[in-house]
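So the chains spell out like this:
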Amino acid sequence: MKKNKTTKKQIFIVILISILMIMVIGSSYSIFYYQREGNTSNVIGTKAITCSFNEETPISITSALPISDEIGKKLTSGIFPGYDQGYYDISLSCDCQGPCNGVYEIYALNLSDEPKLDPKYVKAYVTDGEEVETELLPVTKFNELKESSNEQDAKIIYSGEFSKDFSKKFRLRLWVSEEYEIDNIERNFKTKLNAKINE
(Lines give C-alpha, C1' and ligand atoms only; values in the text may rest on other atoms or scores of the structure.)
Protein backbone atom coordinates (compact mmCIF):
# COMPACT_ATOMS: atom_id res chain seq x y z
CA MET A 1 0.00 0.00 0.00
CA LYS A 2 2.84 2.37 0.90
CA LYS A 3 4.60 1.52 -2.37
CA ASN A 4 1.41 2.36 -4.29
CA LYS A 5 1.19 5.83 -2.61
CA THR A 6 4.85 6.51 -3.48
CA THR A 7 4.26 5.57 -7.13
CA LYS A 8 1.20 7.87 -7.35
CA LYS A 9 3.24 10.68 -5.78
CA GLN A 10 6.05 10.17 -8.32
CA ILE A 11 3.59 10.21 -11.22
CA PHE A 12 2.02 13.42 -9.88
CA ILE A 13 5.47 15.08 -9.61
CA VAL A 14 6.38 14.02 -13.18
CA ILE A 15 3.08 15.45 -14.51
CA LEU A 16 3.56 18.68 -12.55
CA ILE A 17 7.12 19.11 -13.90
CA SER A 18 5.88 18.44 -17.46
CA ILE A 19 3.15 21.09 -17.13
CA LEU A 20 5.66 23.63 -15.78
CA MET A 21 8.06 22.94 -18.68
CA ILE A 22 5.27 23.42 -21.23
CA MET A 23 4.27 26.71 -19.57
CA VAL A 24 7.88 28.00 -19.60
CA ILE A 25 8.43 27.02 -23.24
CA GLY A 26 5.03 28.44 -24.26
CA SER A 27 5.57 31.79 -22.56
CA SER A 28 8.98 32.30 -24.16
CA TYR A 29 7.64 31.68 -27.67
CA SER A 30 5.72 34.69 -29.04
CA ILE A 31 3.43 34.36 -32.02
CA PHE A 32 2.15 37.47 -33.76
CA TYR A 33 -1.53 37.42 -34.52
CA TYR A 34 -4.00 39.79 -36.13
CA GLN A 35 -7.74 39.75 -35.73
CA ARG A 36 -10.26 42.02 -37.39
CA GLU A 37 -13.07 43.27 -35.16
CA GLY A 38 -15.77 44.91 -37.25
CA ASN A 39 -14.64 47.82 -39.43
CA THR A 40 -12.86 50.08 -37.01
CA SER A 41 -10.98 48.07 -34.39
CA ASN A 42 -8.06 45.71 -34.82
CA VAL A 43 -6.62 43.51 -32.10
CA ILE A 44 -2.88 43.07 -32.47
CA GLY A 45 -0.57 41.24 -30.14
CA THR A 46 1.62 38.41 -29.00
CA LYS A 47 1.13 35.96 -26.17
CA ALA A 48 2.47 38.60 -23.75
CA ILE A 49 0.90 41.78 -25.20
CA THR A 50 -2.58 42.54 -26.51
CA CYS A 51 -3.14 45.80 -28.36
CA SER A 52 -6.22 47.46 -29.77
CA PHE A 53 -5.86 49.80 -32.74
CA ASN A 54 -8.88 51.97 -33.53
CA GLU A 55 -8.92 53.54 -36.94
CA GLU A 56 -11.26 55.50 -39.14
CA THR A 57 -12.16 55.02 -42.79
CA PRO A 58 -9.41 55.22 -45.45
CA ILE A 59 -8.20 58.78 -45.92
CA SER A 60 -8.87 60.41 -49.26
CA ILE A 61 -7.97 63.75 -50.83
CA THR A 62 -9.77 64.52 -54.10
CA SER A 63 -10.35 67.92 -55.70
CA ALA A 64 -8.73 69.66 -52.76
CA LEU A 65 -7.04 72.99 -53.32
CA PRO A 66 -3.42 73.54 -52.28
CA ILE A 67 -3.16 75.24 -48.88
CA SER A 68 -0.40 76.61 -46.67
CA ASP A 69 1.18 74.64 -43.85
CA GLU A 70 -0.24 77.18 -41.42
CA ILE A 71 -3.80 76.37 -42.50
CA GLY A 72 -3.06 72.64 -42.87
CA LYS A 73 -1.85 72.31 -39.27
CA LYS A 74 -5.24 73.61 -38.06
CA LEU A 75 -7.56 71.74 -40.46
CA THR A 76 -10.94 70.72 -39.09
CA SER A 77 -13.98 69.43 -40.95
CA GLY A 78 -15.47 71.86 -43.45
CA ILE A 79 -12.92 74.61 -42.77
CA PHE A 80 -11.56 74.57 -46.32
CA PRO A 81 -13.08 73.29 -49.63
CA GLY A 82 -12.03 69.73 -50.52
CA TYR A 83 -11.09 68.78 -46.95
CA ASP A 84 -14.37 67.32 -45.70
CA GLN A 85 -12.97 65.48 -42.69
CA GLY A 86 -10.06 67.78 -41.86
CA TYR A 87 -8.25 65.33 -39.60
CA TYR A 88 -8.24 61.64 -38.72
CA ASP A 89 -8.10 60.39 -35.13
CA ILE A 90 -6.73 56.97 -34.27
CA SER A 91 -5.70 55.35 -31.01
CA LEU A 92 -3.45 52.52 -29.90
CA SER A 93 -3.65 50.91 -26.48
CA CYS A 94 -1.68 47.91 -25.24
CA ASP A 95 -2.08 45.67 -22.18
CA CYS A 96 0.83 43.60 -20.94
CA GLN A 97 0.31 40.21 -19.36
CA GLY A 98 3.22 40.61 -16.96
CA PRO A 99 6.50 42.46 -17.70
CA CYS A 100 6.88 43.46 -21.35
CA ASN A 101 9.04 45.54 -23.66
CA GLY A 102 7.98 46.38 -27.16
CA VAL A 103 8.00 48.80 -30.05
CA TYR A 104 5.07 49.97 -32.14
CA GLU A 105 4.75 51.59 -35.51
CA ILE A 106 1.82 53.50 -36.99
CA TYR A 107 2.16 53.52 -40.76
CA ALA A 108 0.21 54.83 -43.74
CA LEU A 109 -0.29 52.64 -46.79
CA ASN A 110 -0.63 54.51 -50.09
CA LEU A 111 -3.76 53.19 -51.85
CA SER A 112 -4.03 55.89 -54.53
CA ASP A 113 -5.34 54.86 -57.90
CA GLU A 114 -4.91 56.54 -61.27
CA PRO A 115 -4.74 59.42 -61.86
CA LYS A 116 -2.65 59.70 -58.69
CA LEU A 117 -1.54 62.81 -56.89
CA ASP A 118 2.24 62.61 -56.50
CA PRO A 119 2.93 62.07 -52.75
CA LYS A 120 5.59 64.78 -52.88
CA TYR A 121 2.66 67.23 -53.00
CA VAL A 122 0.95 65.75 -49.92
CA LYS A 123 1.87 67.16 -46.51
CA ALA A 124 1.45 65.11 -43.31
CA TYR A 125 1.24 66.41 -39.75
CA VAL A 126 0.63 64.36 -36.57
CA THR A 127 -0.36 65.53 -33.09
CA ASP A 128 -1.66 63.87 -29.93
CA GLY A 129 -5.19 65.11 -30.67
CA GLU A 130 -5.70 66.64 -27.23
CA GLU A 131 -7.57 69.92 -26.68
CA VAL A 132 -4.22 71.73 -26.71
CA GLU A 133 -2.44 69.63 -29.33
CA THR A 134 1.18 68.56 -29.00
CA GLU A 135 3.12 67.93 -32.20
CA LEU A 136 4.31 64.34 -32.68
CA LEU A 137 5.45 64.65 -36.30
CA PRO A 138 6.34 68.02 -37.83
CA VAL A 139 4.94 68.92 -41.25
CA THR A 140 6.58 66.47 -43.66
CA LYS A 141 6.03 65.64 -47.34
CA PHE A 142 4.46 62.18 -47.56
CA ASN A 143 7.19 60.88 -49.88
CA GLU A 144 9.87 61.99 -47.38
CA LEU A 145 8.44 59.99 -44.46
CA LYS A 146 10.54 56.97 -43.43
CA GLU A 147 9.78 53.76 -45.31
CA SER A 148 7.95 51.06 -43.38
CA SER A 149 9.19 47.50 -43.81
CA ASN A 150 5.70 46.16 -43.07
CA GLU A 151 4.15 46.73 -46.49
CA GLN A 152 5.13 48.07 -49.89
CA ASP A 153 4.22 51.76 -50.44
CA ALA A 154 3.90 52.29 -46.67
CA LYS A 155 5.34 55.21 -44.69
CA ILE A 156 5.86 55.53 -40.95
CA ILE A 157 3.90 58.37 -39.39
CA TYR A 158 4.89 57.56 -35.80
CA SER A 159 6.81 54.93 -33.83
CA GLY A 160 7.60 54.45 -30.17
CA GLU A 161 8.62 52.05 -27.42
CA PHE A 162 6.76 50.81 -24.37
CA SER A 163 7.54 48.80 -21.24
CA LYS A 164 4.10 48.75 -19.62
CA ASP A 165 0.40 49.20 -20.41
CA PHE A 166 -0.31 52.37 -22.39
CA SER A 167 -2.92 54.15 -24.44
CA LYS A 168 -2.03 56.82 -26.99
CA LYS A 169 -4.09 58.96 -29.36
CA PHE A 170 -2.87 60.27 -32.71
CA ARG A 171 -4.38 62.90 -34.99
CA LEU A 172 -3.26 62.93 -38.61
CA ARG A 173 -3.82 65.85 -40.97
CA LEU A 174 -3.06 65.59 -44.70
CA TRP A 175 -3.28 68.36 -47.26
CA VAL A 176 -2.13 69.37 -50.74
CA SER A 177 1.04 71.43 -50.70
CA GLU A 178 1.16 75.00 -52.00
CA GLU A 179 3.86 73.76 -54.40
CA TYR A 180 1.28 71.84 -56.41
CA GLU A 181 0.32 73.53 -59.68
CA ILE A 182 -3.37 73.09 -60.44
CA ASP A 183 -4.26 71.58 -63.83
CA ASN A 184 -7.40 70.13 -65.45
CA ILE A 185 -6.86 66.56 -64.22
CA GLU A 186 -8.67 65.45 -61.05
CA ARG A 187 -5.99 63.49 -59.21
CA ASN A 188 -6.47 61.60 -55.96
CA PHE A 189 -4.49 60.52 -52.92
CA LYS A 190 -5.75 57.70 -50.68
CA THR A 191 -4.09 56.14 -47.67
CA LYS A 192 -5.01 53.69 -44.91
CA LEU A 193 -3.49 53.64 -41.44
CA ASN A 194 -2.21 50.45 -39.84
CA ALA A 195 -0.25 49.49 -36.73
CA LYS A 196 2.45 46.90 -36.06
CA ILE A 197 3.63 45.73 -32.63
CA ASN A 198 6.91 43.90 -31.96
CA GLU A 199 8.34 42.55 -28.73
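Scroll up to find the structure.
Residues numbered from 1 in each chain as written. Predicted model: local features only at pLDDT ≥ 70, side-chain atom pairs only at ≥ 80, totals over all residues. Heavy atoms only, no water.

Digging into the overall build of the protein chain
Just so we agree on the cut-off: Secondary structure counts use DSSP, requiring at least four H or I residues in a row for a helix and at least two E residues in a row for a strand, with both numbered from the N terminus. Only protein chains enter the accessibility calculation, which uses a 1.4 Å probe. A residue is then buried if its area is under 20% of the maximum for its type, exposed if over 50%, and partly exposed in between. Contacts were defined at the residue level, with two residues in contact if any of their heavy atoms lie within 4.5 Å.
When you go through the protein chain residue by residue, the secondary structure sums to 2 helices and 11 strands. Helices and strands appear in the protein chain in the N-to-C order α-β-β-β-β-α-β-β-β-β-β-β-β. Out of the 199 residues belonging to the protein chain, those deemed buried represent 37%. Across the protein chain, every contact between residues at least 6 apart in sequence was considered, and the portion connecting residues at least 24 apart equals 70%.

Details of the pattern of salt bridges
Here is the rule we go by: The term salt bridge refers to a side-chain nitrogen of Lys or Arg lying within 4 Å of a carboxyl oxygen of Asp or Glu.
With the rule as written, the count across this model stands at 9 salt bridges. Here D89 and K169 are joined by a salt bridge, their closest N and O atoms 3.9 Å apart. Of this pair, D89 sits in strand β5 (residues 88–96) while K169 is found in strand β10 (residues 166–176), placing the two residues 80 residues apart along the sequence. Among the ionic pairs, K141 bridges to E179, the shortest N-O distance being 3.1 Å. Taken as a pair, K141 in strand β8 (residues 135–141) and E179 in the loop between β10 and β11 (188–198) lie far apart in primary sequence, 38 residues in all. According to the relative accessible area criterion, K141 is partly exposed, its value standing at 21%. Its relative accessible area of 46% is what places E179 among the partly exposed residues.

With respect to the pairing of strand β3 (residues 49–54)
Worth spelling out the cut-off: Strands were regarded as paired on the criterion that DSSP finds at least two bridges between them.
Residues I49, C51 and F53 point to one face of β3 and are all buried, whereas T50, S52 and N54, pointing to the other face, are not buried. Across 6 bridges, the pairing between β3 and β5 is antiparallel. Paired with S52 across the strands is S93, a residue of β5.

So, unusual backbone geometry
Residues E114 and P115 are joined by a peptide bond in cis, for which omega reads -10 degrees. On the secondary structure map, P115 appears in the loop between β6 (102–110) and β7 (122–127). We note that D153 has phi near 65 degrees; this positive angle belongs to a residue other than glycine. Positionally, D153 belongs in the loop between β8 and β9 (154–162). Owing to a relative accessible area of 49%, D153 belongs among the partly exposed residues under this scheme.

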